[in-house]
Amino acid sequence: VLQKWVNREISNFDYLIQLNTMAGRTYNDLAQYPVFPWILRDYTSEELDLNNPAVFRDLSKPIGVVNEKNAKTVKEKYENFEDPLGIIDKFHYGTHYSNAAGVMHYLIRVEPFTTLHIQLQSGRFDCADRQFHSIPATWQALMDNPNDVKELIPEFFYFPEFLENQNGFNLGQLQISKEVVNDVILPKWAHSPEDFIYKHRKALESEYVSAHLHEWIDLIFGYKQRGPAAVEALNVFYYCTYEGAVDLDALTDEKERKALEGMINNFGQTPCQL
């Protein structure tokens, strides 16, 4: 697969899907859903210029520190963390770039994710301000908040329907502006959900991304996923998210086991290292 990708026999999209599959990710498990990168950082221009490197996100950095000013906070958190019991290793992020709630967050407008979201929120929609209502606002939140590290899901590159409230769900209204949450607000350069998907997919297959995608792959699936390289890259997540970090079969206490399983399921899981 690597050879095919290098020879440009398969697209960047296909390559990412294959890597996700090999790393144990699947559409059938929300806790291990395929993970895709944010690839753009320009969500405000009238036109999207894919020949300009400045419109792309820096793929060599974890999403939590793409904004330089978050890097200091993240570093300090890691250096100052001490577990008195010695169980929990130091980490940069107490959240994860891929988890079940994040998948439901993005796909809230389409079933079965709508129902799953409602079940997760004890029988109702989450408050409107916390919902996925705007792509530019979602990106801005990532830039402002080092605790929000959600990457994307594959649907952002082929499935325009998830951006439209075709089922007419009542998703509430935003507290300050009183704006009703309906279809997802798109970047200015996208004239419709289809146009967004078309341009976003084009961006994924662009020359810039082809030349830098391996840097992101190293962080998510490769050598910068754990160990000293991960520490240096500011890419260490909570210990439970790594494969093999917890031996569930060795836990004799049923309650403790259930609690840990629940945590791993809801918290997010780092893909198997390839």
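Thresholds applied
Residues numbered from 1 in each chain as written. Predicted model: local features only at pLDDT ≥ 70, side-chain atom pairs only at ≥ 80, totals over all residues. Heavy atoms only, no water. Helix = DSSP H or I, 4+ residues; strand = E, 2+ residues; numbered from the N terminus. Rg over C-alpha atoms; globule rule 2.2 N^0.38 Å. Buried < 20%, exposed > 50% of the residue type's maximum accessible area, 1.4 Å probe, protein only. Contact = heavy atoms within 4.5 Å. Areas by Shrake-Rupley, 256 points an atom, 1.4 Å probe, with all protein chains shown as cover. Lys, Arg positive; Asp, Glu negative; His and termini not counted. Charge placed at Lys NZ, Arg CZ, Asp CG, Glu CD. Patch = residues over 30% accessible without salt bridge, like charges linked within 9 Å, V, L, I, M, F, W, Y side chains within 5 Å. Salt bridge = Lys/Arg side-chain N within 4 Å of Asp/Glu carboxyl O. 1 Å grid on protein atoms, 1.4 Å probe; cavity = no way out; pocket = protein on both sides within 12 Å on 5 of 7 lines; lining within 4 Å. Points joined across faces, edges and corners; volume = space filled by probe spheres on them. Nonpolar A, V, L, I, M, F, W, Y, C, P; charged D, E, K, R; others polar. Phe/Tyr/Trp six-rings, centres within 6.5 Å; stacked < 30°, edge-to-face > 60°. Lys NZ or Arg CZ within 6 Å of the ring centre and 35° of its normal. Disulfide = S-S within 2.5 Å. UniProt positions renumbered as here; feature names shortened; annotations may be inferred.

### Re the overall build of the chain
Phase 1: Within the chain, the secondary structure is distributed over 10 helices and zero strands.
Phase 2: Each helix (α) and strand (β) of the chain, taken in turn from the N terminus, gives the series α-α-α-α-α-α-α-α-α-α.
Phase 3: Taken over C-alpha atoms, the radius of gyration comes to 19 Å for the chain, in line with the 19 Å a tight globule of 274 residues would show.
Phase 4: In the chain, buried positions account for 49% of the 274 residues.
Phase 5: In the chain, 68% of the contacts between residues at least 6 apart in sequence involve partners at least 24 apart.
Phase 6: Counting every atom, the chain has about 13,600 Å² of accessible surface; 52% of that belongs to carbon and sulfur.
Phase 7: Side-chain charges in the chain split into 25 positive and 39 negative, and the spacing between the mean points of these groups amounts to 3 Å.

### Some points on a nonpolar patch on the surface
Phase 1: Together, Val1, Met22 and Leu274 line one region of the surface with nonpolar side chains, adding up to about 270 Å² of accessible area.
Phase 2: With respect to the helices and strands, Met22 occurs in helix 2 (residues 12-22).
Phase 3: Accessibility expressed as a relative area gives 47% for Met22, which makes it partly exposed.

### Concerning the layout of surface pockets
Phase 1: Taken as a whole, the largest pocket spans an internal volume of roughly 490 Å³.
Phase 2: Lining the largest pocket are 25 residues, with His105, Arg130, Gln131, Asp148 and Lys150 positioned closest to its centre.
Phase 3: For the lining of the largest pocket, the secondary structure elements donating two or more residues are helix 4 (100-106), helix 5 (113-120) and helix 6 (135-144).
Phase 4: Split by residue class, the lining of the largest pocket holds eight nonpolar, 12 polar and five charged.

### Quick notes on the packing of aromatic side chains
Phase 1: Counting across every chain of the model gives 27 aromatic pairs.
Phase 2: Where Phe36 meets Phe157, the ring centres are 5.6 Å apart and the plane angle is 40 degrees; that geometry is what we call tilted. Residue Phe36 is found in the loop between helix 2 and helix 3 (68-80), and its partner Phe157 is found in the loop between helix 6 and helix 7 (193-204); the two are separated by 121 residues along the sequence.
Phase 3: For Phe157, a relative accessible area of 1% gives the class buried.
Phase 4: On the numbers, 5.9 Å between centres and 55 degrees between planes, the contact of Phe132 with Phe156 is tilted. With Phe132 in the loop between helix 5 and helix 6 and Phe156 in the loop between helix 6 and helix 7, the pair connects residues that are 24 residues apart, well separated along the chain.
Phase 5: Directly above the ring of Tyr78 sits Lys90, whose terminal nitrogen or CZ lies 5.8 Å from the centroid.
Phase 6: Over the aromatic face of Phe13 sits the side chain of Arg201, whose NZ or CZ is 4.2 Å from the ring centroid.

### Concerning the environment of Ile10
Phase 1: Note that Ile10 resides in the loop between helix 1 (2-6) and helix 2.
Phase 2: Taking relative accessible area as the criterion, Ile10 reaches 17% and is therefore assigned buried.
Phase 3: If we ignore the near neighbours within four places in the chain, the residues touching Ile10 are Val1, Lys4, Trp5 and Tyr15.

### A word on the pattern of salt bridges
Phase 1: Following the criterion strictly, the structure yields 12 salt bridges and no others.
Phase 2: Here Asp58 ties to Lys61 by a salt bridge, and the two come within 3.8 Å at their closest N and O atoms.
Phase 3: You can call Asp58 partly exposed: its relative accessible area is 26%.
Phase 4: A salt bridge links Arg257 to Asp249, with the nearest nitrogen and oxygen atoms 3.7 Å apart.
Phase 5: Note on Asp249: relative accessible area 67%, which makes it exposed.
Phase 6: One salt-bridge network, held together by shared partners, links Asp58, Lys61 and Glu68.

### Quick look at the state of the cysteines
Phase 1: What the rule picks out here adds up to zero disulfides.
Phase 2: Free cysteine Cys272: the closest other cysteine sulfur is in Cys240, separated by 16 Å.

### A short note on the environment of Met22
Phase 1: Residues Met22 and Cys272, spaced 250 residues apart in sequence, show a C-alpha to C-alpha distance of 8.1 Å.
Phase 2: When sequence neighbours within four positions are dropped, the list of residues in contact with Met22 reads Val1 and Leu274.

### Observations regarding the UniProt feature "domain: BEACH" (unreviewed entry) in the chain
Phase 1: Residues annotated by UniProt as "domain: BEACH" (unreviewed entry) correspond here to residues 1-274.
Phase 2: Here residues 1-274 runs as 36% helix and 0% strand, with 13 Å between its end C-alpha atoms.

### Describing unusual backbone geometry
Phase 1: Put simply, Glu111 and Pro112 share a cis peptide bond, and its omega is 5 degrees.
Phase 2: Secondary-structure assignment places Pro112 in the loop between helix 4 and helix 5.
Phase 3: Look at Ser122: it is not a glycine, yet its phi comes out positive at around 55 degrees.
Phase 4: Within the secondary structure, Ser122 sits in the loop between helix 5 and helix 6.

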